[in-house]
Every structure is written in C-alpha cells, then in structure tokens.
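If you want the building blocks of each chain, they are given just below.
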Amino acid sequence: MPSQLVWYARCPTLTAMGLLANRGALQREFLREPVNLVSVRENSTPSVRQGYLDHSLPNLVREGDAATALWSYGLNQRSRLLAVGHTWHTVLVIASGRSGIGKLSDLKGRTLALPREAGAFSPARVRSLRAWETILGTVGIKATDIEFHNIVADHPSTPFGDIARREIEAVLSGQADAGLLFGAKGLELARAAGVKVIHAFTPDAIRRDPALSGLVELRTLTVDYPFLEANEGVVARLVKQLTSATDWAVQFPKEALNHIALEGKVEVPDAAEAYGDLIPEGAALGEEDWRIDDLQALLDWLKARHAVEATVELRPWQRTDVLNKAPEAADIKEKYKRLNAVA
C-alpha cells in the first residue's frame, strides 16, 4: 500500500509531542507500516503553515495552544479534541530601568505592551491579555486604570517569531512602560537586554495559586476529524505514545530537559529555571475534570471577548475516549485500507 502522509505539529515549548519527536519515537511506532509522519515545523509552505493554524490541513495531529484550537474548531469544525495539557512556566513583568516602576502596583496609570499578530487570530494577544488581566487583578488594578500599546508581530504560523524581542524594544524605547516575557526564551532575552524584572511568577507559584490560573498555558491535543474517523486505531496508538512522555521524563530528567532546551532553542539552565520541577506534570495529557474545567473557563473568556463563535461548545468537540482505546493490530491494518479514500 502507498505510504500515507500524516502531519504532526507542536508548540516550541514543553509538549509531550516535542519530547517524543526529538527521540524519533513517533516515527518508530509506524516504522514497518504505511504511515509517514512529517513535522509541520520543518515545512515552510504557506498553505501548510496556515492549515496548521486553522486545522484545515488533512491528516493533522496537533499539540498546541488551546485558544487557537478552540478558534479553529469554531471556524470549520474540522478538528476533534483528544486531550488537554497544562504548561506551567515562568512569567516575567519587565520595565526599563528608568521607568520608575518598582512593584506591580506601580503599573496603575501606565501603558502596557500587548502583541497583535498578523492574520485572523492572534494567539499571542490572547495569552498576553489573559496574563495582564490576571496580574493586574492581583493588585486591584482595573482595565480602565491602564492603556495598551499594540505591538505588530509576525503571522502566528511563523516558527520562533520575534514577539518577545519586539516587547523588549517597545519597553526600552518608551513606547510601553511594561511588558511580559514568557518561559525560557523570556528569561534569556530579559538577561541579554538588561531590562528590569518587576516581578517573576515562578511555575510553582502559578500552579499553587488559583488566582494565577490566567498565567497557565493550556495545550490541546487535537486531530483532523476525517482522519480520526478513518483511522481511529492509528490515532489511538499515537495518543498512547504521547501519554508515555510523562513517565519518560520522570525516568530521564536530564535528557528531557535537554530536549526542551532544543525545542525552544534556549540554553539548558534557562529551561531548567523556566519549568522548575514541573516538567513531567507539564508534559502530561489527560481528560480529567479539572483539565476540562480549565478549558471551559478559557472558552468562556474567549466568548466574552468575541474571539470565538458563541455557538462553540466543548462536548461536541470532545473525543477523549480515544485516550482509553486499545485497538487490535488486525483492526488497524484493516482501517489502513480506508485511509487514502477518506483523505
């Protein structure tokens, strides 16, 4: 049978897919079978990049930003939700040394940097706006007490975009009084630019404090619906591999840390500081109630700001039952025959 192309995509941070992809584990699962797994990241074709973002790319398995996944489902109902993950990493509030800002309460009356990527949907804007609302809420600052300075950024499908650098430029030039930096790349750039860190929210603090839930980056594992319908057994095997990432990270912590640094193109010490001891937990994917509740809270937030269609609901989107499916080998081989026709 001809080899079937299956696209896989992930964020350039801590993901289960990233831990497996760097070890070739996904490819080894189907080494002797007609399934050819190809990474979206290594492809520069604009249609592929856009198809990853709006989930219109056939045969796509994607582990990435949950807000984008919700938006794309509302756009075309093409995807199905398999599992949810949480990323806890450092969030920095930065300012220039001459800003006069010494603590979070000093942000009142200030101008804050807010990115806006090109295209119909901006994941970076959602992430930053939720983070700003959360941070300002901890010190009782209202939305009417601040202003935002829009930072124009690349299309969200651009890998390793330069949003963080543009935030730093806006802060150092005085266009914005303060900005936000996320994760290991944020730590690296803050140090290199010599900006003033007003406050650092650590991964442990973010996980412990429910008031900081807006600083958690939710990830969703989604799959192209026609591909799932034709090859549920194949998808189940992919999911099984992905859910093994946590155990592997526990057994090989140094290797996991090195893989994360490689994924994000950062130094190992920055990755270690950014994620702390929460790498295994951050790599986990599941369907527990608390994960679904957090995803529902994000959906409600997006609806309130008209970022997704009001008709979008989680229940029709969910196919988390695939997490517990254990297909027989014969069943998988039979379903291969339907793969090309559906695609």
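The rules we used
- Throughout, residues of each chain are indexed from 1 in the direction in which the sequence is written.
- Whole-chain, interface and lining totals are the exception, using all residues; otherwise, since this is a predicted model, local features are given only for residues with pLDDT of at least 70 and side-chain atom pairs are given and counted only at 80 or more.
- With hydrogens and water excluded, all non-hydrogen atoms of the structure serve as input to the side-chain values.
- A run of H or I in DSSP counts as a helix once it spans at least four residues, and a run of E counts as a strand once it spans at least two, with each numbered from the N terminus.
- Identification of polar contacts relies on pairs of N or O atoms within 3.5 Å, with a donor-acceptor requirement for protein atoms, meaning one able to donate a hydrogen and the other able to accept it, and with residues adjacent in sequence counted only if both atoms are side-chain atoms.
- By the convention used here, residues are in contact when the closest approach between their heavy atoms is within 4.5 Å.
- Burial classes: relative accessible area under 20% of the type maximum marks a residue as buried, over 50% as exposed, and values in between as partly exposed (1.4 Å probe, protein chains only).
- Should DSSP find at least two bridges between two strands, the strands are taken to pair.
- Orientation is described by lines fitted to C-alpha atoms, with helices fitted over the stretch in contact, and by angles between N-to-C directions that extend from 0 to 180 degrees.

Asker: Summarise the side chain of Thr87; cite the residues concerned and give the values.
Answerer: Along the chain, the position of Thr87 falls in strand β4 (residues 79-87). Only 2.9 Å separates the side chain of Thr87 from the side chain of Arg219, close enough to count as a polar contact. Look past the residues within four positions of Thr87 in its chain and what remains in contact with it is Leu14, Val216, Glu217, Arg219 and Tyr275.

Asker: Describe the environment of Val266, listing the residues and the values that go with them.
Answerer: Mapping Val266 onto the fold places it in the loop between α12 (253-264) and α13 (268-275). Accessibility expressed as a relative area gives 11% for Val266, which makes it buried.

Asker: Would you mind going over the sheet that holds strand β3 (residues 60-65) in detail, with residue names and values included?
Answerer: The strand order across the open sheet formed by five strands is β2-β1-β3-β10-β4, and the pairing between neighbours is mixed. Because the sheet does not close on itself, it has two edges, and the strands there are β2 (35-39) and β4. Averaged over all pairs of adjacent strands, the angle between strand axes in this sheet comes to 20 degrees, irrespective of strand direction. Sheet analysis places strand β1 (residues 4-10) next to β2, joined by five bridges and oriented parallel. Across the sheet, residue Trp7 finds its bridge partner in β2, namely Val38.

Asker: Could you give me a rundown of helix α4 (residues 66-76), with the residues and numbers involved?
Answerer: Across the 11 residues that make up α4, a large majority, nine, are buried. Among the residues making up α4, those that are buried are Ala66, Ala67, Thr68, Ala69, Leu70, Trp71, Ser72, Tyr73 and Gly74. Directly after α4, the chain includes Gln77, whose backbone phi takes a positive value near 55 degrees.

By themselves, these are just geometric observations and shouldn't be taken as functional.
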